[in-house]
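# Breakdown of the fold
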Amino acid sequence: MILIENISKSFGKRLALDSIDLSVKDNELFGLIGPDGSGKTTLFRILCSLLLPDSGKALLNNHDVVKDYNKIRRIIGYMPGRFSLYNDLSVEENLNFFARVFGTSIKKNYGLIKDIYKRLEPFKDRRAGNLSGGMKQKLALSCALIHRPEILILDEPTTGVDAVSRKEFWEMLSGIIEQGITIMVSTPYMDEAVLCNRVALMQEGRLLRVDSPQAIIDAYPKDIIALRADDMYRLVMDLRDFPQADSVLLFGQEVHYSGKGKNIDRDAIRKYLEDKEHKDIQINTISAGIEDSFLQLMA
Amino acid sequence: MKTIFYLVQKEFIQLFRNRVMLPMMFVMPIFQMLVLLYAATLEMKDIKMAVIDLDHTQASRSLVNKFEASPFYNIIDYSASSGIAEEEMARDRVDVIITIPNEFGEKLNKAEPGDVQLLINAINGAKAGLIYAYSMNVISQYTAEFVSLKGVIPQQYSSGNIDIRYRFWFNEELNFKFFMLPGILVILVTVMGMALSALSLVKEKELGTIEQINVSPVRKYQFLAGKLIPFWLVALFELAFGLTIGRIFFDIPIRGSLLLLFAFSSVYLVAIMGIGLFFSTITQTQQQIMFLFFFFNIVFILMSGLFTPVESMPQWAQTLNILNPLAYFMKVIRMILLKGSELQDILAEIINLSMIAVVMLGLAVWRYRKTS
């Protein structure tokens, strides 16, 4: 399990992490959600013993990240946000190298990576630099797993990867959880949050909320409606001018609206929009999604 | 130990896949030795001479003939006045002007000392020095012949029967290539060892691959050893390759023990690669470290005695050379190859270099941080 107590870190005058407290249970798939620059990578680098915190302490399976860094480096698998395997080594050579550096072999831990690696096996002689983005992720994940870590730390593994590969990647993570490994993963994509056991929402170096995705959704305090009309852009603009409006956000083909009070007077809104000459107005009551909750928390 | 082996193995795989570096390893020594040795020679040929003969006697003419007969001189101008010749020198068409005054022949016949004026273009000091030495040689030869021919003894020769005979030890023919080739080998081995190892470390920083190493249980000294050993072997191979070329094409003498030379080179390489690895721990990009190399190597090379003897440098420069690994190697490689020096002759150099090696490697290990 991961225990983070009061961790702070500044770069010059900029406070990157502001007294973070967090605990991740054993065998949990824990997600850290937050926009770019919110401090996710900084926190992960501290957990991986790559960066020293200014204050506070962090324990990974009871090993201190500062004092017991040698132990930490044996029990974690880290996949940095940037692809950092050897481009000029082949898929197999990369995997072999990282296995040996950790004093093990591919054979010994093959069972753990089998599901991931078998998709890469046809390309095992290809140089890592010539792989596609999704393949690179799979190789990096295999390399991070090859020494059978107790805790896996993945920094934005799905950033810049296509939708199909993203889905595949999350499926692979469920497979790893079944092997008894604890996973902490960060992502800027809010829709991926529901795939985690628990998530923490992070913004400007602070944790806004830590809970299960369902609890976060349920905690959305207000009614919410989805609207459509012929001119979506004008719809958003006019809704924002509506006196009762609180949050008006465009989600793909729909606008999600919630008012200042808990309840929404749908007729008043329809009338307001008709006065503004909107056509084909559709209003549906919906239940809040995880993105609504996050955006509401971050506002 | 095993970890270091895997790191070295990885480094070799990467090196042998590198389509630029691998050919360079073979092209560089051949190119440097064949081209540089023939081009960067300090032997003078085709010295352009202007003659102002105001004497017009048989004596003056036979002096000019002496210069004409020499393979080094090319007399391009016989002027009556100094004005034209000096103008030619100003235009860089003449390297040296010899003026023979009008009583030259008369004085010599009377056994008085004759005066000759040499004006040498000293834009290039080294060249001017050589022209002076060559010219003096021709003139004194002429004087000696004149004396024996006429049976007169000019005053300055009258006192002695000293016949100076000289031999150049260790390089009988004053073969400039024998002097330069070891120097070029030093540069070659230095560049190969220092740059390859340090650049490969900084490259890992640039590409981010060092992150994966930093979160692994690989120890600092293991990682640095993994960067040092492969290129240490490569540099020693380069030395052997360069020596082979030198032996085949230039017949360079190898008077001392090759084993001693390679033992010394091994220590030397650890010292300079220690410096390189230390630099790589304090820089973030290949650009930064290339600039550092450029700065230090120019100073190191110029002070090492590649072209100019260290002994003629000012005292402070010689003192500074205690810290210059290249100066040790430059001296020792010439001593072993040309002079056949043995272990006891280079003991001081080995000790000093070992100290530099230990200090620099220590600094590199100390400064390399897996955690920031």
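Every value quoted in this text rests on a predicted model; they were computed, and no experiment measured them. (Residues numbered from 1 in each chain as written. Chains lettered and ligands numbered in written order. Predicted model: local features only at pLDDT ≥ 70, side-chain atom pairs only at ≥ 80, totals over all residues. Heavy atoms only, no water.)

### What to know about the overall build of chain B
In plain terms, the rule: In this text, helices come from DSSP runs of H or I with a minimum length of four residues, and strands from runs of E with a minimum of two, each type numbered from the N-terminal end. In this description the radius of gyration comes from C-alpha coordinates, and the expected globular size is given by 2.2 Å times residues to the power 0.38. Contacts between residues were defined by any pair of non-hydrogen atoms, one from each residue, lying within 4.5 Å. Each accessible area is a Shrake-Rupley estimate made with a 1.4 Å probe; only the visible protein chains count as cover when residues are assessed. In this tally Asp and Glu are treated as negative and Lys and Arg as positive; neither His nor the chain ends contributes. Note that the charge is assigned to NZ on lysines, CZ on arginines, CG on aspartates and CD on glutamates.
Summing up its helical and strand segments, chain B has 15 helices and four strands in all. A globule of 372 residues ought to have a C-alpha radius of gyration of about 21 Å, yet chain B, at 28 Å, is considerably larger. Counting only C-alpha atoms and orienting by the principal axes, one finds that chain B spans roughly 90 × 45 × 40 Å. Look at the contacts in chain B between residues 6 or more apart in sequence, and 76% of them connect residues 24 or more apart. Carbon together with sulfur atoms contributes 64% to the accessible area of chain B, which is approximately 19,200 Å² in total. The centroid of the 30 positive side-chain charges in chain B is displaced by 16 Å from the centroid of its 29 negative side-chain charges.

### Concerning the pattern of salt bridges
Heads up, the rule is: We count a salt bridge whenever a side-chain nitrogen from Lys or Arg sits within 4 Å of a carboxyl oxygen from Asp or Glu. To sort residues, take the accessible area from a 1.4 Å probe on protein chains only and compare it with the maximum for the residue type: under 20% means buried, over 50% means exposed, and anything in between is partly exposed.
Counted by the stated rule, this structure contains 29 salt bridges over all chains. Among the salt bridges present, the one from D191 of chain A reaches R166 of chain A, with a minimum N-O distance of 3.1 Å. One end of the pair, D191 of chain A, is in the loop between β8 (182-187) and β9 (198-203); the other, R166 of chain A, is in helix α6 (residues 163-178), with 25 residues separating them in the sequence. A relative accessible area of 40% places D191 of chain A in the partly exposed class. One continuous salt-bridge network, built from bridges that share partners, spans K10, E11, E204 and K227 of chain B.

### Quick notes on the confidence of the model for chain B
To keep it simple, the criterion reads: The predictor reports its confidence for every residue as pLDDT, a score running from 0 up to 100.
Residues of chain B with pLDDT of at least 70 account for 93%, and the chain-wide mean is 86. Here helix α7 (residues 155-158) of chain B stands out as the element of chain B with the lowest mean pLDDT, 50, in contrast to helix α11 (residues 258-282) of chain B, whose mean of 95 is the highest.

### With respect to the sheet that holds strand β4 (residues 117-120) of chain B
Residues and elements named next belong to chain B. The cut-off we apply is this: Pairing between strands is defined by DSSP: at least two bridges between the two strands are required. Every angle, taken between N-to-C directions, lies between 0 and 180 degrees, and every axis is a line fitted to C-alpha atoms, over only the stretch in contact when it is a helix.
Strand order in the open sheet made by the four strands is β2-β1-β3-β4, with mixed pairing throughout. The outermost strands of the open sheet, each flanked by one partner alone, are β2 (73-79) and β4. In this sheet, adjacent strand axes meet at a mean angle of 25 degrees when their direction is disregarded. Across five bridges, the pairing between strand β1 (residues 47-53) and strand β3 (residues 96-100) is parallel.

### A look at the nonpolar core
One recurring pattern in soluble globular proteins: nonpolar side chains tend to sit buried together. As a reminder of what qualifies: Side-chain atoms within 4.5 Å are what join buried Ala, Val, Leu, Ile, Met, Phe, Trp, Tyr and Cys residues into a set we call a nonpolar core.
Counting residues in hydrophobic clusters, the biggest one holds 123 residues, and the most contacted among them are L141 and I183 of chain A. The element that contributes the greatest number of residues to this core is helix α8 (residues 176-207) of chain B, accounting for 17 residues. I183 of chain A has contacts with E28, L29, F30, L152, L154, L173, I176 and I177 of chain A, leaving out every residue within four places of it along the chain. Core analysis: the second largest hydrophobic core is formed by 29 residues, L50, L51, A58 and M202 of chain A among them.

### Points about the interface of chain A and chain B
Defined as follows: Summed over both partners, the accessible area lost on bringing two parts together, with a 1.4 Å probe, is the buried area. The term polar contact refers here to a pair of N or O atoms within 3.5 Å; inside protein, the definition further demands a hydrogen-donor-capable atom paired with an acceptor-capable atom, and it admits residues adjacent in sequence only when both atoms are side-chain atoms. Note on residue categories: nonpolar means Ala, Val, Leu, Ile, Met, Phe, Trp, Tyr, Cys or Pro, charged means Asp, Glu, Lys or Arg, and polar means any other residue, Gly included.
Counting from both sides, the interface comprises 27 residues of chain A and, opposite them, 25 residues of chain B. Interface area, chain A with chain B, both sides summed: about 2,600 Å², of which 54% is carbon and sulfur. Linking chain A with chain B are two salt bridges, by the criterion used here. Ionic pairing is found between R17 of chain B and E93 of chain A, a salt bridge with its closest N-O pair at 2.8 Å. Linking chain A with chain B are 10 residue pairs in polar contact (both at pLDDT 80 or more). Among the elements of the structure, α2 (69-75), β6 (76-79) and α3 (91-101) of chain A are those that each provide at least two residues to the side of chain A that touches chain B. Here the side of chain A that touches chain B gets five residues from one element, more than from any other, and that element is α3 of chain A. Each residue belonging to the side of chain A that touches chain B can be placed in one class, and the counts come to 15 nonpolar, four polar and eight charged.

### Digging into unusual backbone geometry
Positive phi, close to 70 degrees, is recorded for N62 of chain A, a residue that is not glycine. Along the chain, N62 of chain A turns up in the loop between β4 (55-60) and β5 (63-64). Positive phi, close to 55 degrees, is recorded for D251 of chain B, a residue that is not glycine. Following the sequence through the fold, D251 of chain B ends up in the loop between α10 (220-250) and α11.

### Observations regarding the domain arrangement of chain B
What counts is decided by this rule: Boundaries between domains were set according to an automatic or database domain assignment.
Domains assigned within chain B are domain 1 (2-40 + 174-367) and domain 2 (47-158). Taken over C-alpha atoms, the centre of domain 1 of chain B sits 48 Å from the centre of domain 2 of chain B.

### A short note on the side chain of T99 of chain B
Residue and element names in this part refer to chain B. Its location among the elements puts T99 in strand β3. A relative accessible area of 12% places T99 in the buried class. Every residue in contact with T99, bar those within four places of it in the chain, is listed here: I52, L54, V116 and Q117.

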